[in-house]
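What follows is the residue order along each chain.
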Amino acid sequence: MGRKDNRSNRYSFGAGMAELAWPTRCVSCNLPGELLCAECRADLAWIDQRWACPRCGAPHGWLACTGCGADYIHATVHGEEGQVGQTRWETRAVVCALEFAGTAALMATDLKDRHELRLAPIIAAAVATALDEAASWPAADGRPRYDAARTDALCFVPATQKAYARRGFDHMELVADSLSRELAIPCVDLLARATGADQRALGAADRAANLRGSVSVVDEVAGAHLLLVDDVVTTGASMREAARTLLAHGAVSVTGCSLARVW
């Protein structure tokens, strides 16, 4: 016990000295003290799930979505929700917590590009909050956009091999592990992704072409209802390709979720 206590004391002392030398600062306003200060938390651009697109998670897309091209007719056929649109995403629903701007953008980039790994549980908490709200609103199939009782496991959109080698970690694996604890749902590493061109430099059509066939399933998914996690949904190419692959291997449904949605 003495040794354990001494190690704990040394760790606490070391952590305290590190905090003195390099104080924790808010990722948004740089105020010392917290990774996300109270004022910046209050200013987060939360997406109101009531008005979000049930298919792609775009803010304000509930009635007619310019993000995925879907139109919705509500409570017209047997009290359920029907979709009349040309674009049908592979996901049964997508739930995004924040609009991709300001603090949300900094949270996403600081985690993966600046190695601020302590942001992973904060991002997971934001996603869990959005999922909790989305559970009160129907997806295009009339069921809740997030249904914990019908979710067998969660998985994540993986980093490419090149990105993993460069960073030394998969940022979405960290978020998914934290979200698994938040939701009390098992996290399973199901997907692998070949190296492709950097998505940030590509338009919608090129993103889809770049990802086509790049995602593979590494474990059994037949019969599973899955929750698929990503950090940012831009055009949806990454999430759609991952969902398409999971469904092709026998998954029954894939519900997507993310920290932020580009709008």
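Calculation notes
Residues numbered from 1 in each chain as written. Predicted model: local features only at pLDDT ≥ 70, side-chain atom pairs only at ≥ 80, totals over all residues. Heavy atoms only, no water. Helix = DSSP H or I, 4+ residues; strand = E, 2+ residues; numbered from the N terminus. Buried < 20%, exposed > 50% of the residue type's maximum accessible area, 1.4 Å probe, protein only. Contact = heavy atoms within 4.5 Å. Core = buried A, V, L, I, M, F, W, Y, C linked by side-chain atoms within 4.5 Å. 1 Å grid on protein atoms, 1.4 Å probe; cavity = no way out; pocket = protein on both sides within 12 Å on 5 of 7 lines; lining within 4 Å. Points joined across faces, edges and corners; volume = space filled by probe spheres on them. Nonpolar A, V, L, I, M, F, W, Y, C, P; charged D, E, K, R; others polar. Expected span 1.5 Å × (residues − 1). pLDDT = per-residue confidence, 0-100.

On to the overall build of the protein. When helices and strands are counted, the protein shows 8 helices and 8 strands. Expressed as a percentage of its 263 residues, the buried residues of the protein come to 46%. Counting only contacts in the protein whose residues sit at least 6 apart along the sequence, the fraction spanning at least 24 positions is 69%.

On to the nonpolar core, then. Among the nonpolar cores identified, the biggest contains 39 residues, and L179, L183 and L259 are the most heavily contacted of them. Among the elements that make up this core, the one with the highest residue count is helix α4 (residues 119–134) (10 residues). With residues up to four places along the chain from it excluded, the contact list for L183 reads A128, L131, Y146, L154 and L227. Counting 28 residues, the second-largest nonpolar core is a separate cluster that includes A52, C56, L190 and L246.

A few words now on the layout of surface pockets. A volume near 160 Å³ is recorded for the second largest pocket. For the lining of the second largest pocket, a count of residues per class yields 5 nonpolar, 2 polar and 5 charged.

An ideal rise of 1.5 Å per residue puts 22 Å on 16 residues; α4 measures up with 23 Å between its terminal C-alpha atoms. Taken as a whole, α4 has its buried residues at L119, A120, I123, A124, A126, V127, A128, A130, L131 and A134. The inward-facing, buried residues of α4 contact β3 (93–99), α3 (102–113), α6 (171–183), β7 (225–233) and β8 (253–261).

Attention shifts here to the confidence of the model for the protein. Considering every residue of the protein, the mean pLDDT works out to 85; 78% of them sit at 70 or more. Predicted confidence for residues 1–5 stays below pLDDT 50, and this span has 0 contacts to residues more than four positions away or in other chains. A low-confidence stretch, residues 73–86 (pLDDT under 50), is modelled with 29 contacts involving residues beyond four sequence positions or located in other chains.

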